[in-house]
Amino acid sequence: MPQQEHVHAPEIRKRGISAVWLVPAIALLIALWLAVTAWLKASIPVVVTFESAEGLVEGKTEVRYRGLSIGRVADISLSSDLQDFKVTIDMDHDAEALLNEGTQFWIVKPRISLAGVSGLDTVLTGNYIGIRPGEGERKLAFESSPLPPPPEEDTGDGLWLKLSAQSLGAINIGSAVYYKSLSVGTVERVDLMDEARMLELLVRIDPQYAHLIGEKTKFFKMKPLEFGSGADGFELQTGPLVALVQGGIGLSGVNQPGSPAPKLADRRYQLLDKPPAARRKATGLNLVLYAPTRGSLGPGTAVTYRQVRVGEVLGTRLSSKADRVEIFINIESEWQSLVNSSTRFWNTSGFTIDAGIMSGVRIESESLESLLTGGVAFFTPPGSGSETVAQNTAFALADKPREQWLEWQDRLPPVKASEAPSAAEAEAQEAEPREEDKASKLRREKRGQAGPAG
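All values derive from a computational prediction rather than experimental measurement.

Draft legend 1. Seen up close, the pattern of salt bridges. Overall, the coordinates contain 10 salt bridges when judged by the stated rule. Across the pair Glu62 and Arg72 runs a salt bridge, and its minimum N-O distance is 3.6 Å. Of this pair, Glu62 sits in strand β2 (residues 62-65) while Arg72 sits in strand β3 (residues 68-78), placing them 10 residues apart in sequence. For Arg72, a relative accessible area of 35% corresponds to the partly exposed category. Where Arg204 meets Asp206, a salt bridge forms, and the shortest distance between an N and an O atom there is 2.8 Å. When sorted by exposure, Arg204 lands in the same class as Asp206, which is buried. Connected via shared salt-bridge partners are Glu62, Arg64 and Arg72.

This is the structure in structure tokens:
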């Protein structure tokens, strides 16, 4: 039998992915990873228009948000109308959420004044661009702000206040805010408001002094020089040396310990042209005098008893009906017992002239001090036995004293036995002039003897 030939079917081997393809696959994955990483780190080009490019350097100037660098200046070019500068900034991709319609850009640069130095970090690194994020839709083209925008909330960098004023006087950006001649804050910005009829000052109070500010705090322009006169001569007072050159703002009515700080919506104050007049003091006896006119009375005017100063005028104002003037005075604690319900007050300002054919002309004045600066005097009827008065009691202020008032002979509080000099001390006081006379006589005799010999 013929032998049958066996035909074997070809074996089909299953092959996997060739190792040759692994290299391109890995390369593709790496390329995808690099692309994603590059996309995530890709900068966002933003164009900001500035009036000046002072201090800006391509490839160096940073954009900082709360101290963190989030971008860098890539290109600076002049606008087509040659009026502005177009600054292209490469913003980090992470900062995309900051680029909205309300976002603001401005240049931060050092400012050196007599009140201090701000932007000190730019001295070594150069100017940088500040940014404040806003709200709205995404935006990539902006107009810069000439000055930093006012803070909208506390960031732990002090207390920010807004003062409104009709004029600045010597005050400017960098002027200090003083409390008892101690600098507690700085004027950071000045803007026009209310259709250019008023000025708004942005003031920063240092964190360690923020507790001084309360709802009743008053701000006023400090006088660089204050001139006064009295019986002792003329007096010239100056404020802090910096305020003489750059102006300054004073504050009064500080917050009491434990009182709440003003709310954010209430941090607006009026800048007064002069310090507010105090109407009372914590010590002594505070009284209110009523008069038809103020005359020459003002804060600091002396209140005298027997021509001795025992108090002062704190301030004046019109009454609620504007039919008279209210004059607030304070009697020192040591002398407040001199006042009771029978006490009479009168104005000693100026002088009086008495003229007659036979008597001639006579000019009278209470004192040189009252002639120059005005004054208030008072007397109490002797032995009146009237009750003492309470704080803020009101009295009428007469234009001049009656003759009966001048004839009163009030007695001062008796001297205590411990304060009175002893008999031996009195004799010693009387003997001192005699001993001085003997010594003087002896010196004169010696000079007389030496004269002929010379």
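Having seen the model, we can carry on.
Draft legend 2. Quick look at the sheet that holds strand β5 (residues 104-108). A sheet is described by the order of its strands in space; here seven strands give the open sequence β5-β8-β2-β3-β4-β1-β9, paired in mixed fashion. Both edges of this open sheet fall to β5 and β9 (141-143), since each of them pairs with a single strand only. When strand polarity is set aside, the average angle formed by the axes of neighbouring strands in this sheet is 30°. Taken together, the seven bridges between strand β1 (residues 44-50) and strand β4 (residues 85-91) define a ladder with antiparallel strand orientation. Residue pairing in the sheet places Val46 in a bridge with Ile89 of β4.

Draft legend 3. Looking closely at the environment of Leu285. Locating Leu285 in the fold gives a position in strand β19 (residues 285-291). A residue is classified by how much of its surface remains accessible, and Leu285, at 3% relative accessible area, is buried. Here the alpha-carbon distance between Leu285 and Ser337, two residues 52 residues apart in the chain, equals 9.1 Å. Once residues lying within four places of it in the same chain are set aside, the contact partners of Leu285 are Ile329, Asn330, Ile331, Gln336, Val339, Val389, Ala390 and Gln391.

Draft legend 4. Fine view of a nonpolar patch on the surface. A surface patch of nonpolar side chains, about 540 Å² in accessible area, is lined by Leu22, Ile26, Ile30, Trp33 and Leu34. Inspection of the secondary structure puts Leu22 in helix α1 (residues 19-41).

Draft legend 5. Region of interest: the pairing of strand β13 (residues 198-205). Buried residues dominate β13, accounting for eight of its eight residues. Alternating positions in β13 separate into two faces, Met198, Glu200, Leu202 and Arg204 on one and Leu199, Leu201, Val203 and Ile205 on the other, with burial throughout. The pairing of strand β10 (residues 159-165) with β13 spans seven bridges and is classified as antiparallel. Bridging across to β13, Ala165 finds its partner in Leu199.

Draft legend 6. Inspection of the nonpolar core at higher detail. Core analysis: the largest hydrophobic core is formed by 25 residues, its most contacted members being Leu287, Ile327, Ile329, Val339, Phe345 and Phe378. Those elements giving two or more residues to this core turn out to be β19, β20 (302-305), β21 (308-318), β22 (325-331), β23 (344-347), β26 (375-379) and β27 (393-398). Not counting residues within four places of it along the chain, the set of residues in contact with Ile327 comprises Leu287, Val288, Leu289, Ala291, Leu297, Val313, Gly315, Thr316 and Leu397. Ranked by size, the runner-up nonpolar core spans 24 residues in total, among them Val177, Val190, Ala210 and Leu212.

Draft legend 7. Local environment of the packing of aromatic side chains. If you walk through the whole model with that rule in mind, you get seven aromatic pairs. Measuring from centroid to centroid gives 5.2 Å for Tyr305 and Phe378, while their planes differ by 45°, and the two rings are tilted. Of this pair, Tyr305 sits in strand β20 while Phe378 is found in strand β26, placing the two residues 73 residues apart along the sequence. Each of the two residues, Tyr305 as well as Phe378, counts as buried. Aromatic side chains Phe345 and Phe395 sit 5.1 Å apart centroid to centroid with 55° between the ring planes, which places their arrangement in the tilted category. Of the two residues, Phe345 sits in strand β23 while Phe395 sits in strand β27, which places them 50 residues apart along the sequence.

Reading guide: rules and limits
- Sequence order as written defines the numbering, with residues in each chain counted from 1.
- Restriction of local features to residues with pLDDT of at least 70 applies here, the model being predicted, together with a cutoff of 80 or more for giving and counting side-chain atom pairs; totals for whole chains, interfaces and linings are based on all residues.
- Hydrogens and water are ignored here; the side-chain numbers use all heavy atoms of the structure.
- For this document, the term salt bridge refers to a Lys or Arg side-chain nitrogen within 4 Å of an Asp or Glu carboxyl oxygen.
- Here a helix means four or more residues in a row that DSSP labels H or I, a strand means two or more in a row labelled E, and each is numbered from the N terminus.
- Burial classes: relative accessible area under 20% of the type maximum marks a residue as buried, over 50% as exposed, and values in between as partly exposed (1.4 Å probe, protein chains only).
- Two strands qualify as a pair provided that DSSP identifies no fewer than 2 bridges between them.
- Orientation is described by lines fitted to C-alpha atoms, with helices fitted over the stretch in contact, and by angles between N-to-C directions that extend from 0 to 180 degrees.
- When checking whether two residues touch, look at their non-hydrogen atoms; a contact exists if any pair is within 4.5 Å.
- Patches here: salt-bridge-free residues with over 30% relative accessible area, like charges joined within 9 Å, nonpolar side chains (Val, Leu, Ile, Met, Phe, Trp, Tyr) joined within 5 Å.
- Areas reported as accessible are Shrake-Rupley estimates using a 1.4 Å probe. Residue values count occlusion only from the protein chains shown.
- The term nonpolar core refers to a set of buried residues drawn from Ala, Val, Leu, Ile, Met, Phe, Trp, Tyr and Cys, joined through side-chain atoms within 4.5 Å.
- Within 6.5 Å between ring centres, the rings of Phe, Tyr and Trp (the latter by its six-membered ring) count as paired, and their orientation is classed by plane angle as stacked under 30 degrees, edge-to-face over 60, tilted in between.

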